[in-house]
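Residues per chain are reported as follows:
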Amino acid sequence: MSAFASKNGVLHAESVSLPDIAARFGTPCWVYSRRSLETALDEFQQELLGIDSLVCYAVKANSNLAVLDVLARRGAGFDIVSAGELQRVLAAGADPRQIVFSGVGKTVAEMELALTIGILCFNVESAGELERLNTVAGSLGRTAPISLRVNPDVDARTHPYVSTGLKENKFGVAYEEALTLYRQAAGLANLEVSGIDCHIGSQLLDPAPFSEALDKVLVLVDQLAADGIVLHHIDLGGGLGIRYRDEEAPTVKAYLLPMLAKLRQRQLRVLLEPGRRLVGNAGLLLTRVEYLKPGEVKNFAIVDAAMNDLARPALYGSWHDIVPVVPRQGAALPWDVVGPVCESGDFLGRGRELVLAAGDLLAIMSAGAYSMAMSSNYNSRPRAAEVMVDGTRAHLVRRRETVEELYALEQRLPADAG
Ligand SMILES: *Cc1c(COP(=O)(O)O)cnc(C)c1O
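Residues numbered from 1 in each chain as written. Predicted model: local features only at pLDDT ≥ 70, side-chain atom pairs only at ≥ 80, totals over all residues. Heavy atoms only, no water.

Participant: Residue-level account of the pattern of salt bridges, with values.
Facilitator: The final tally for this structure, using the stated rule, is 19 salt bridges. Between Asp 390 and Arg 34 there is a salt bridge, with its nearest N and O atoms 3.1 Å apart. Of this pair, Asp 390 sits in strand S20 (residues 385-390) while Arg 34 sits in helix H2 (residues 34-47); the two residues are 356 residues apart in sequence, bridging distant segments of the chain. One network of salt bridges, in which partners are shared, links Arg 34, Glu 38, Asp 42, Arg 74 and Asp 390. (Salt bridge = Lys/Arg side-chain N within 4 Å of Asp/Glu carboxyl O. Helix = DSSP H or I, 4+ residues; strand = E, 2+ residues; numbered from the N terminus.)

Participant: Hey, could you go over the packing of H2 against helix H9 (residues 252-263) for me, with residue numbers and the actual values?
Facilitator: Here H2 crosses H9 at 25°, and the two axes come no closer than 10 Å. Regarding the angle of H2 to H9, the classification is roughly parallel. Along this stretch, H2 crosses H9, giving a crossing that reads as right-handed. On H9, the residues that touch Glu 43, Phe 44 and Glu 47 of H2 are Val 252, Lys 253, Tyr 255, Leu 256, Leu 257 and Leu 260. (Axes fitted to C-alpha atoms, helices over the stretch in contact; angles between N-to-C directions. Parallel < 35°, antiparallel > 145°, perpendicular 65-115°, else oblique. Left-handed = near helix turned anticlockwise from the far one by under 90°. Contact = heavy atoms within 4.5 Å.)

Participant: Report on the domain arrangement of the chain, specifying residues and quantitative values.
Facilitator: One can read the domain layout of the chain as domain 1 (4-31 + 280-406) and domain 2 (103-272). Centre-to-centre, using C-alpha coordinates, domain 1 lies 36 Å away from domain 2. Residue-level contacts link ten residues of domain 1 with eight residues of domain 2. For the pair domain 1 and domain 2, the summed buried area comes to about 800 Å², and 56% of that belongs to carbon and sulfur atoms. At the junction of domain 1 with domain 2, the criterion picks out one residue pair in polar contact (both at pLDDT 80 or more). (Domains from an automatic or database assignment. Buried area = accessible area lost by both parts, 1.4 Å probe. Polar contact = N/O pair within 3.5 Å; in protein donor to acceptor, adjacent residues only side chain to side chain.)

Participant: Could you give an account of the sheet that holds strand S3 (residues 16-17), with specific residues and numbers?
Facilitator: The three strands lie next to each other as S1-S2-S3, forming an open sheet whose pairing is antiparallel. Since the sheet does not close on itself, it has two edges, and those belong to strand S1 (4-7) and S3, each with one partner. Alignment of strand S2 (residues 10-13) against S3, held across two bridges, turns out to be antiparallel. Bridging from a neighbouring strand, His 12 pairs with Ser 17 of S3. (Pairing = 2+ DSSP bridges.)

Participant: Tell me about the site of the ligand, and please be specific about residues and values.
Facilitator: The environment of the ligand is formed by 14 residues, the closest being Lys 60, Ser 202, Glu 273, Arg 276 and Tyr 370. In this structure, a nitrogen atom belonging to the ligand sits 2.6 Å away from a side-chain N or O atom of Glu 273. Protein contacts shield 94% of the accessible area of the ligand, which totals 390 Å² for the unbound molecule. By residue class, the composition of the shell around the ligand is three nonpolar, six polar and five charged. (Near = heavy atom within 4 Å. Areas by Shrake-Rupley, 256 points an atom, 1.4 Å probe, with all protein chains shown as cover. Nonpolar A, V, L, I, M, F, W, Y, C, P; charged D, E, K, R; others polar.)

Participant: Requested: an account of the packing of aromatic side chains, with residues and values cited.
Facilitator: Applying the stated rule across the entire model yields four aromatic pairs. When the ring of Phe 44 is compared with that of Tyr 255, the centres are 6.4 Å apart and the planes differ by 75°; the resulting orientation is edge-to-face. Of the two residues, Phe 44 sits in helix H2 while Tyr 255 sits in helix H9, which places them 211 residues apart along the sequence. Three or more aromatic residues link up through ring pairs in this structure, and these residues are Phe 44, Phe 210 and Tyr 255. Above the ring of Phe 101, the side-chain terminus of Lys 106 is found at 5.5 Å from the ring centroid. The ring of Phe 347 has Arg 350 lying over it, and the distance from NZ or CZ to the ring centre is 3.7 Å. (Phe/Tyr/Trp six-rings, centres within 6.5 Å; stacked < 30°, edge-to-face > 60°. Lys NZ or Arg CZ within 6 Å of the ring centre and 35° of its normal.)

So this is what it looks like as structure tokens:
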């Protein structure tokens, strides 16, 4: 059963009612369910029982320390893309030996930090990065474990902004160049070739492209073995989609089983990097209707959350279900649910059939992934509070920002500037 369900006509997060959360922490407010996070991780770990494997949560989807903590306690590793994320996961108690470092633009300072800490693997995305990493590791007297992120050139058939496995994308090294680069890596003194990696996109609803990518990657694995380069692990990336509206998202089993079958006869540790699938449906954005503005052409419900909080509708045209916390009786009207930000793209949902009154609470569903993580302070709007519900308890896991904090790093010109 979903962790967000109606009880006696009131929407709850686990056993805590959303009006209680709004009263305690204010709106807008992100609400996460611990049980949901754990259940989502369990689904992966169940399928991987008895297999040498590690689920590395893609931190960028939601990097709140409490989210990281809940997942780390259940044995998750982490996939990071910056020094900032590295420091976050360490602050949340992560084991360095369970961290993989992805991303196309790793700086010298980021490499130094990760090498000093001793992470599990660098997912290298270019020839230049390979050389730089070798130099940095040498200067520290360390050896860098690496895998190459190979671009298998398969079409993930998802939104172009979140498709990453095609030749035209900036990610990974070209399939045709991978062998040459691996040979080069094997010859560099301060690198240790450890694995191979691919990640073809996000919000994938069809398991076929994953399988297709794996087939291509396994051809490389065999070619490398023939060359005497034996890999220890294969990282299948993330990308498994979730249901936002009425999508048929595959079960974790349907996604993993065909791939695990192909890996059965091989001595390869399996790494995964799910992001959205672990957190997407474990969170919602709680918001209050400020004004109703019915009109001739459109009806606007102006709420206290906006595109600076949840950018996905404005950025990708994404759909999020919008659910009244305490449904009313009456005739539904189509409402555009919009925020107060000065942009026409500032909408959370359009043409939603709802019965509304000013002051009502609404839950913007499926807002656990790429939501708070992509929020901004546009229009000098403090970031909303984040709350983690755990059974009957609601914990404030990030307090609401204050306006003073928004300009705390700024200064006026000096008095003598004229
Ligand atoms: C974004 C990303 C992920 C996670 O993607 P999801 O679609 O959230 O599962 C995993 N690996 C890499 C390299 C990524 O860039």
